[in-house]
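Structural characterization, general
One-letter residues, chain by chain:
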Amino acid sequence: MVSGGCAWAGASPARGADVPARPPLYADAPDVVRTFLVAAKRAEALHDPLARCLAYPDYPGNAWPKGLAEAYCHYLFDPSVTLAMVRQALDSHAADSLEARFRADLERHFVKDRFSEIIHRDFAVFDASQASGQLTQRWLEQAPHSAYALTARGIYFGHMGMKARGGAWAKDTPPENMQRMSEFMARAIDLFQQAIRIEPRLLDAYVGLEDVANTDSRGELEEQAFDSGMAIDPACKVLTGYRMVALTPRWGGSYPRMVALANQLKAFLPQRPLLALNTEWPLVDLADQVSSQVSYEKGLEVLKPVVLRTAHAGVLADVAEWSDHVQPVDRWEQLMLLLEAGRFEQGSEEVARLRGRLLLLVAREPAWAQSSLAYAVSKEPGDAYAHYLLAASYWNAGDPARSEHDYVLAMDDASNRQDALYEVTRAMLQAKQPAKARRYVDRLNKEYPDDGPGWYLRASVLIAQGRNGEEVTTALRRFVATADRSDIRQAMQVREAERTLGQVDAFMKRMKAKP
């Protein structure tokens, strides 16, 4: 059973653990939480992603560098190049327009007024997909001397190299996979080097060179790429971010080297607050190691203070997720962390599901929960519990008919099935679809004959179908026989059922006594 069910809507009989009525908005939340949630909900009403992000409240009590959240919002949501834009330009044989767009965004990386790192977002659209492969090839054919086309193609080959390698440890990776990876990486390196010769300031070419050299164990080339990039811009968020990851002990680096780079970057924080996403990485990596090798509790001791110094969405989400493994859990704090992370990115399926669950069950915000839960099931269609929560969010937001589809999918998991059958029956009653409610309650009673509230619910379904005779009294008798009388609500319902059955029995007795 899933915490006794998660529905509170509807007029039909409820399980003992159901919520009888919706309380005032966040009535039981501390003032700081209530203030945050009200502001966050107001921001969520904005449809423009950048406006939403900028309007969001910062995590309470933070000591982030001035301008960090604003810079993070602009980095993520300012207009950037998309594959559709690339395709449209190439279809129109307008590679010059692509060149102009990338050149303009690169220039924004080297000015004080309206400084931006959006050039990195432009290149982030290229991956190992078939679309990226086809478009980068076409772009290079139309503009063979474009540093931007060369870099985009190099990024594609870099991703293809990682795809060829696979995700296993090197010792568990077949030699032919490693060979295929190296072939892709060699092609990427050549393209990046060509791009740098044409446009020496193109930092994404250095980043790509640094990344593939690290992956292919070409240490000298990696160092050269990083040093050359740093000579151009020693405060580039993406260049130094890749370097910080490469310096982790698991990649052959060390914490002292990571800390040394972090200290070097902190001098630029007043002008480049986005670097705060990198400067805390030594502790982030250490916390990850501690959580996996010692305990989540010890990992949280390292990581939790970090959220006060950086707005990194992954860090915020990790603190929230790890808190699930430590008792007691402050659900309000956990929800604020997940909402703040969601301000910047939806996160993993697990993060989205947890955020939706807390919005639904703690904040009692079913409509607000829907976007997170819908994202969760889109990322993992087989997550029955996410479907269960999404169905409950539809029902409790006043759309019971819409809940049916996800309740049915939730039934695929035995741990959700009983609650899903019970709640979809109630939802169909509320949707004024008694025939559907009857089909579901029939299954509930057959599969879970000891579920007392299920029999009480059956009586409601039969009445809704206009069947007011022996079938109803039989259902009530089964309820009385199976109800959990230690539960206050079920005990009250038992007394009502017994009173009704007593009246029926007395009436039948009188009828039998008549001549």
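Let me sum up the structure you'll find in this document. Not measured: the values here are computed from a predicted model. (Residues numbered from 1 in each chain as written. Predicted model: local features only at pLDDT ≥ 70, side-chain atom pairs only at ≥ 80, totals over all residues. Heavy atoms only, no water.)

Glancing now at the overall build of the protein chain. Each helix and strand in the protein chain was counted, giving 27 helices and zero strands. In terms of principal-axis extent, the alpha carbons of the protein chain reach across some 110 × 45 × 45 Å. Counting all 515 residues of the protein chain, 51% fall into the buried class. Carbon together with sulfur atoms contributes 53% to the accessible area of the protein chain, which is approximately 23800 Å² in total. Side-chain charges of the protein chain comprise 61 positive and 67 negative groups, with the mean position of each set lying 8 Å from the other. (Helix = DSSP H or I, 4+ residues; strand = E, 2+ residues; numbered from the N terminus. Buried < 20%, exposed > 50% of the residue type's maximum accessible area, 1.4 Å probe, protein only. Areas by Shrake-Rupley, 256 points an atom, 1.4 Å probe, with all protein chains shown as cover. Lys, Arg positive; Asp, Glu negative; His and termini not counted. Charge placed at Lys NZ, Arg CZ, Asp CG, Glu CD.)

Here we take up the packing of aromatic side chains. Aromatic ring pairs are defined here through the distance separating the ring centres and the angle between the ring planes. Taken as a whole, this structure holds eleven aromatic pairs when the rule is applied. Here a set of aromatic residues connected by ring pairs shows up, and it is made of Phe 102, Phe 123, Phe 126, Trp 139 and Tyr 148. Of note, Arg 121 hangs over the ring of Tyr 75, and the distance from its end group to the ring centre comes to 5.8 Å. Lying across the ring of Phe 226, Arg 243 places its NZ or CZ 4.4 Å from the centre. (Phe/Tyr/Trp six-rings, centres within 6.5 Å; stacked < 30°, edge-to-face > 60°. Lys NZ or Arg CZ within 6 Å of the ring centre and 35° of its normal.)

A word on helix α24 (residues 434-447). Side chains three or four residues apart in an α-helix point the same way, a direct result of the helix having 3.6 residues per turn. Taking 1.5 Å per residue, 14 residues should reach 20 Å; α24 reaches 20 Å between its end C-alpha atoms and fits that length. Residues of α24 that are buried in the fold lie against α22 (400-410), α23 (414-430), α25 (452-464) and α26 (470-482). (Expected span 1.5 Å × (residues − 1). Contact = heavy atoms within 4.5 Å.)

A word on the state of the cysteines. A covalent bond bridging the sulfur atoms of two cysteines is what the word disulfide describes. Under the definition given, this model contains one disulfide. Between the sulfur atoms of Cys 53 and its disulfide mate Cys 73 the distance is 2.0 Å. What sets the handedness of the Cys 53 and Cys 73 disulfide is the S-S torsion sign, and at about -75 degrees it is left-handed. Here Cys 53 is found in helix α2 (residues 49-55), whereas its partner Cys 73 is found in helix α3 (residues 68-77), with 20 residues between them in sequence. Given the relative accessible area of 0%, Cys 73 is considered buried. Looking at the unpaired Cys 236, the closest cysteine sulfur is the one in Cys 73, lying at 19 Å. (Disulfide = S-S within 2.5 Å.)

What follows concerns the layout of surface pockets. Space inside the largest pocket adds up to approximately 880 Å³. In terms of lining, the largest pocket is formed by 31 residues, of which the most central are Tyr 75, Ala 124, Lys 237, Val 238 and Tyr 242. Within the residue set of the lining of the largest pocket, elements represented by two or more residues are α3, α6 (118-124), α8 (147-165), α9 (175-198), α10 (203-215), α12 (237-246) and α14 (276-279). The class makeup of the residues in the lining of the largest pocket is 17 nonpolar, nine polar and five charged. Surrounding the second largest pocket, 23 residues form its lining, Lys 112, Phe 115, Ser 116, Gln 271 and Arg 272 being those nearest its centre. In the lining of the second largest pocket, the residues fall into ten nonpolar, five polar and eight charged. (1 Å grid on protein atoms, 1.4 Å probe; cavity = no way out; pocket = protein on both sides within 12 Å on 5 of 7 lines; lining within 4 Å. Points joined across faces, edges and corners; volume = space filled by probe spheres on them. Nonpolar A, V, L, I, M, F, W, Y, C, P; charged D, E, K, R; others polar.)

Among the structural elements, Asn 396 can be located in helix α21 (residues 384-396). One polar contact links the side chain of Asn 396 to the main-chain carbonyl oxygen of Ala 392, over a distance of 2.7 Å. (Polar contact = N/O pair within 3.5 Å; in protein donor to acceptor, adjacent residues only side chain to side chain.)

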